[in-house]
Structure formats: C-alpha cells, structure tokens
Amino acid sequence: MAKNNEKITMKGNPLKVEGRCLEEGSQLPAFTLTGVDMADVTNATFAGKVLVVVSIPSIDTPVCAIETKKFNQEASALSDKVVVAVVSRDLPFAFKRWCGAEGVSKVVTLSDFKHHSFGKQFGVELPDLGLLARAVFVADTSGKITHVDYVSEIADEPDYAAALSAVKACV
C-alpha cells in the first residue's frame, strides 16, 4: 500500500502522474463528477456518509472489473452510512452498460469525462494516457481522509482489507 503517488508504474514502466498527493488527516478535495444519469455529482451528494473513493483507469479492463466487483460485494455488507464510489474517465454509458451486464448495483459509478478535474485534485492524473491511476481513499462523515492507497503498479489490485478496516473504523 503506497501513501504517495510518486512511483506509479504500468508493467514496471514509470508513469507520469500529476496532481497533489492526498494525505490521511486532510480534507477530501471538492469534486464534481458525472453520474450515469449525466447529472453532476459533488461531495455534497454524500454529506454525512463515510465515502470510499475508488479511482480506476477503465471499467473495461480486467483488474478494474475485478476491483469494482469486489468493492460491490463488500458494499453489500456495509452500513447504509457508507458509499463506495468508483471513478474513471469512462463514459457514464459504459458504466451503466457494464454494471447492468455484471449485476453490479451497490457501488456508485462516476465519470470524470466532462470536467477532467478529479485526477489532479486526487493525485491520480495520468496525462500521457488520458486515464486515472488506481487508488483508494476513505473519508469519514466529516470528509476527513482516514485512508490513502495509491496502488504503485497500475495492474495490481488495491489492499482491500486495509480500505475496509478504515471504513469500519469510521462507522
């Protein structure tokens, strides 16, 4: 589990990453993303909830699919005071299609295709690929970050146990 975004690789090759590195104890940055209904979604949408923000490169890749299914499965067992939001640059239509085909309904899928601001705000911008890096952030009900995991190899899955432990500590 990496606490910073300084050494993110793809198949061992370093990737250029832009944006500030988020730290535990700081406030979750304000964001505006697009939901599957094409409406804007902001931090205020999740006010008073524990928020798990899962940044992925693309839902149509094997590791992202596995990760999203795993978080969907885990979300089923969590309190209704917890929201798991999966974020990528995929179009909302792709998320809707994929979730319908895979029976994924417990996570909220959000897209940064329109505003292109999430990547830099969360330190997951991969400018040379036009994608987001893999990372997991947990924020408590006041928006304070309690867990940061910048996955150092983009083809690897995050540390699910650490993220879920952080969630349970917030509920």
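Calculation rules
Residues numbered from 1 in each chain as written. Predicted model: local features only at pLDDT ≥ 70, side-chain atom pairs only at ≥ 80, totals over all residues. Heavy atoms only, no water. Helix = DSSP H or I, 4+ residues; strand = E, 2+ residues; numbered from the N terminus. Contact = heavy atoms within 4.5 Å. Salt bridge = Lys/Arg side-chain N within 4 Å of Asp/Glu carboxyl O. Buried < 20%, exposed > 50% of the residue type's maximum accessible area, 1.4 Å probe, protein only. Core = buried A, V, L, I, M, F, W, Y, C linked by side-chain atoms within 4.5 Å. Pairing = 2+ DSSP bridges. Right-handed = clockwise from strand over helix to strand, strands pointing away.

*Asks:* Quick rundown of the side chain of Glu125? Include the residues and the values.
*Replies:* Looking at where Glu125 falls in the secondary structure, it is placed in strand S8 (residues 125–126). The contact partners of Glu125, leaving out residues within four places of it in the chain, are Lys16, Val17, Glu18, Arg89, Gly119, Lys120, Leu131 and Leu132.

*Asks:* Tell me about the pattern of salt bridges, and please be specific about residues and values.
*Replies:* Under the defined criterion, the tally for this structure stands at nine salt bridges. Across the pair Arg97 and Asp60 runs a salt bridge whose closest N-O atoms are separated by 2.9 Å. One end of the pair, Arg97, is in helix H2 (residues 92–102); the other, Asp60, is in the loop between strand S5 (50–55) and helix H1 (62–76), with 37 residues separating them in the sequence. The exposure class of Asp60 is partly exposed, given its relative accessible area of 44%. Note that Asp112 and Arg89 form a salt bridge whose closest N and O atoms lie 3.1 Å from each other. Of this pair, Asp112 sits in the loop between strand S7 (108–111) and helix H3 (118–122) while Arg89 sits in the loop between strand S6 (82–88) and H2, and the two are 23 residues apart along the sequence. The burial state of Asp112 is the same as that of Arg89; both residues are buried. Each member of the salt-bridge network shares a partner with another, and the members are Lys16, Glu18 and Lys120.

*Asks:* Now, about the environment of Ala94: what can you tell me, with residues and values included?
*Replies:* Along the chain, Ala94 turns up in helix H2. Note: C-alpha distance between Ala94 and Asp60 (34 residues apart in sequence) is 8.3 Å.

*Asks:* Got a sec to walk through the nonpolar core? Specific residues and values, please.
*Replies:* Considering soluble globular proteins, one finds that nonpolar side chains tend to be buried as a cluster. Residues Phe118, Phe122, Val124 and Phe137 are the most contacted members of the largest nonpolar core, which totals 27 residues. Of all the secondary-structure elements, those providing two or more residues to this core are S5, S6, H3, strand S10 (135–139) and strand S11 (145–150). With residues near it in sequence (within four places) discarded, Phe122 still touches Arg20, Leu22, Leu28, Pro29, Phe31, Val53, Phe137 and Tyr150. If you look at the next biggest cluster of nonpolar residues, it comprises 26 residues, including Phe71, Val104, Val136 and Ala166.

*Asks:* Please set out the pairing of S7 residue by residue, giving values where relevant.
*Replies:* The pairing of S6 with S7 spans four bridges and is parallel. In the strand pairing of S7, Val87 is matched with Leu110. With H2 bridging S6 and its parallel neighbour S7, the resulting β-α-β unit is right-handed.

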